[in-house]
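The lines below spell out each chain.
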Amino acid sequence: SRLRLGLRVATLWNLEAMIRCLHGAAGMADDWARFGPHYHGVDLWCYLEKDDLTLEEAGQKMAQDSRPGDTLVGYSMGGRLALHALLSGACDFGEAVIISAHPGLSAGREERLVADERWARLAESDWPLFLEKWNSQPVLEGKPPQWGDRSQLAPRASEVGKSFRLWSLGAQDDLRPRLSQISCPVRWLVGEHDLKFLDLAREVIDLIPQGRLEIVPGAGHRVPWDRPDAL
């Protein structure tokens with residue numbers, strides 16, 4: 001009877017909704033481990049190991065890999081992918097948390113594709129230099145990330161480079177006209193010091209029927225790691 005009880009508990013646990021977390025452009029699934037066992041980091045690089053998936057296709061696959069009632073959390077690039085998953089209609093998410101994400105460019109897409117091609121080539125050719133330059137960007141406030149050693153990602157440099165090409169902001173459609181289609185509640189988190197993304201969030205939040213903007217004090221672009229207590 002003890003074995004049967006254990007199996008029943010395991011079955012019920014597997015049926016529970018999950019918090020599925022999507023990392024950023026130079027991130028790892030383990031970035032979310034510090035927040036506890038309920039935060040399940042998704043390895044986005046596995047989506048690009050064998051297939052050249054567009055943002056739309058990757059969002060569709062993420063939604064198909066999820067279960068009704070799941071909470072979807074996406075940071076930066078992961079936030080853009082999360083928006084595509086929400087818009088795919090392939091899963092009934094219970095809630096979404098979008099963090100420091102861009103809804104899409106209305107102009108300047110070609111220039112962004114060129115810039116992201118440079119990032120892709122640097123990641124593929126010189127991983128340490130890529131990390132140094134990536135973390136020194138003004139949007140990241142020049143602060144080192146408060147997470148694991150990114151040298152562990154060096155074997156995935158090919159997938160990281162591919163993401164800069166296929167999932168570039170320049171390759172993404174402007175999602176503003178479609179945000180009204182998101183049916184679940186959405187919390188859009190932005191750090192108070194991340195002025196560019198704060199302006200973007202204020203611009204789009206009313207386009208989401210159940211959208212709510214939350215400005216996180218003392219945080220920049222890397223909200224979950226600048227203020228883990230707030231998350």
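Keep in mind the model is a prediction, meaning the values are calculated, not measured.

Student: Mind laying out the layout of surface pockets, listing which residues take part and the relevant values?
Tutor: Space inside the largest pocket adds up to approximately 570 Å³. In terms of lining, the largest pocket is formed by 31 residues, of which the most central are Ser76, Arg112, Trp134, Gln137 and His221. Of all the secondary-structure elements, those providing two or more residues to the lining of the largest pocket are helix H3 (77–88), helix H4 (109–125), helix H6 (157–166) and helix H7 (195–204). For the lining of the largest pocket, the per-class residue count stands at 16 nonpolar, nine polar and six charged. There is about 220 Å³ of room inside the second largest pocket. As for the second largest pocket, its lining consists of Ile19, Tyr39, Thr71, Val73, Glu95, Val97, Arg187, Leu189, Glu214, Val216, Ala230 and Leu231. Of all the secondary-structure elements, those providing two or more residues to the lining of the second largest pocket are strand S3 (71–75), strand S4 (95–99), strand S5 (186–191) and strand S6 (211–216).

Student: With reference to specific residues and values, describe the side chain of serine 100.
Tutor: With respect to the secondary-structure elements, serine 100 resides in the loop between S4 and H4. Within polar-contact distance, the side chain of serine 100 engages the backbone oxygen of histidine 221 at 2.6 Å. Contacts of serine 100, omitting those with residues within four sequence positions, involve Tyr75, Ser76, Leu189, Asp194, Phe197, His221 and Val223.

Student: Hey, could you go over the pattern of salt bridges for me, with residue numbers and the actual values?
Tutor: The final tally for this structure, using the stated rule, is 17 salt bridges. Measuring nitrogen to oxygen at the nearest pair gives 3.5 Å for the salt bridge that ties lysine 61 to aspartate 65. Pair noted here: lysine 61 and aspartate 65 are both in helix H2 (residues 55–65), with a separation of four residues, about one helical turn. The class of aspartate 65 is partly exposed, set by a relative accessible area of 37%. Ionic pairing is found between glutamate 95 and arginine 187, a salt bridge with its closest N-O pair at 2.7 Å. Residue glutamate 95 is found in strand S4, and its partner arginine 187 is found in strand S5; the two are separated by 92 residues along the sequence. Several salt bridges share partner residues, and in doing so they unite Asp43, Glu49, Arg156 and Glu159 into one network.

Thresholds, definitions, all that
Residues numbered from 1 in each chain as written. Predicted model: local features only at pLDDT ≥ 70, side-chain atom pairs only at ≥ 80, totals over all residues. Heavy atoms only, no water. 1 Å grid on protein atoms, 1.4 Å probe; cavity = no way out; pocket = protein on both sides within 12 Å on 5 of 7 lines; lining within 4 Å. Points joined across faces, edges and corners; volume = space filled by probe spheres on them. Helix = DSSP H or I, 4+ residues; strand = E, 2+ residues; numbered from the N terminus. Nonpolar A, V, L, I, M, F, W, Y, C, P; charged D, E, K, R; others polar. Polar contact = N/O pair within 3.5 Å; in protein donor to acceptor, adjacent residues only side chain to side chain. Contact = heavy atoms within 4.5 Å. Salt bridge = Lys/Arg side-chain N within 4 Å of Asp/Glu carboxyl O. Buried < 20%, exposed > 50% of the residue type's maximum accessible area, 1.4 Å probe, protein only.

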